[in-house]
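Summary of the model geometry
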Amino acid sequence: MARKLTTKELGLYKTRISNALLKSDDIKELMFGDTSNLNPKDLLLKFKDHVNSHLFIDDTITNTSTYIFFDVMLPRMRPQVKNVQVYIYAICHRDILENYTKEGYYGNRADILSEMIEETLLDENIVKEFGIGDLELDNVDIYNSTTFYGRIMTFSVNNFR
């Protein structure tokens, strides 16, 4: 009998999340300001410096900036279906938390970033790429450290085992 793979999608989900976030002009504008003068290679390097597919949030980050950290977990596996959870940390340095506004969005920079992430991942062209159902936002919590503040967003989706 062939072995059923259970972790195959972890890296694939991370790639899809990263690609979706990179396509969002709103997220790039919030994080970096005007990027029209950057060539695609420099923009990708800057993006990879601020968007990471792990939850190691090092307290030695000294850059007064905005970051997205994310990871994927498989907390529940049933005989035919596994539950996939995506954790996204949308965090901002406390010195820039209150200095961003954009029409149609409310709250501080972390609130706006979390809304932009939600809109991006739950877009009808993106949401169905993740499993046998739609990716769903389950929970939004607070991230608070001495220098960074933000949101912890939990998404889930079922997938075949």
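This report concerns the structure included in the present document. (Residues numbered from 1 in each chain as written. Predicted model: local features only at pLDDT ≥ 70, side-chain atom pairs only at ≥ 80, totals over all residues. Heavy atoms only, no water.)

For the rest of this paragraph, the subject is helix α4 (residues 109-121). Over its 13 residues, α4 extends 18 Å from the first C-alpha to the last, a length consistent with the 18 Å expected when each residue adds 1.5 Å. By the criterion of burial, α4 is predominantly enclosed, with 10 of the 13 residues buried. Of the positions making up α4, those classed as buried are Arg109, Ala110, Asp111, Ile112, Leu113, Ser114, Met116, Ile117, Thr120 and Leu121. (Helix = DSSP H or I, 4+ residues; strand = E, 2+ residues; numbered from the N terminus. Expected span 1.5 Å × (residues − 1). Buried < 20%, exposed > 50% of the residue type's maximum accessible area, 1.4 Å probe, protein only.)

On to the packing of helix α2 (residues 25-32) against α4, then. In the contact formed by α2 and α4, the axes pass within 9 Å of each other and the chain directions differ by 155 degrees. What the angle tells us is that α2 and α4 run roughly antiparallel. Remark: the crossing between α2 and α4 carries left-handed chirality. Only Arg109, Ile112, Leu113, Met116, Ile117 and Thr120 of α4 make contact with α2, whose side of the interface consists of Asp26, Ile27 and Leu30. Looking at the contact of α2 with α4 residue by residue, the classes come out as six nonpolar, one polar and two charged. (Axes fitted to C-alpha atoms, helices over the stretch in contact; angles between N-to-C directions. Parallel < 35°, antiparallel > 145°, perpendicular 65-115°, else oblique. Left-handed = near helix turned anticlockwise from the far one by under 90°. Contact = heavy atoms within 4.5 Å. Nonpolar A, V, L, I, M, F, W, Y, C, P; charged D, E, K, R; others polar.)

For the structure shown, the criterion picks out three aromatic pairs. Taken together, the ring pairs connect Tyr67, Phe69 and Phe148 into an aromatic cluster. (Phe/Tyr/Trp six-rings, centres within 6.5 Å; stacked < 30°, edge-to-face > 60°.)

Let us look at the environment of Met73. Following the sequence through the fold, Met73 ends up in strand β2 (residues 66-77). Each C-alpha atom of the pair Met73 and Ser156 lies 9.4 Å from the other, and the pair is 83 residues apart in sequence. Discounting chain neighbours no more than four positions away, the residues touching Met73 are Leu10, Asn83, Val84, Gln85 and Tyr87.

What follows concerns the environment of Thr154. Within the secondary structure layout, Thr154 lies in strand β5 (residues 148-160). Judged by relative accessible area, which is 9%, Thr154 ranks as buried. Separated by 17 residues in the primary sequence, Thr154 and Leu137 place their C-alpha atoms 6.0 Å from one another. When near neighbours in sequence (up to four residues on either side) are disregarded, Thr154 contacts Gln85, Val86, Tyr87, Glu136, Leu137, Asp138 and Asn139.

Another point: the pattern of salt bridges. The full count for this structure, using the stated rule, is five salt bridges. With a shortest N-O distance of 3.0 Å, Asp71 and Lys14 are connected by a salt bridge. Taken together, the residues Asp71 in strand β2 and Lys14 in helix α1 (residues 9-23) connect sequence positions 57 residues apart. (Salt bridge = Lys/Arg side-chain N within 4 Å of Asp/Glu carboxyl O.)

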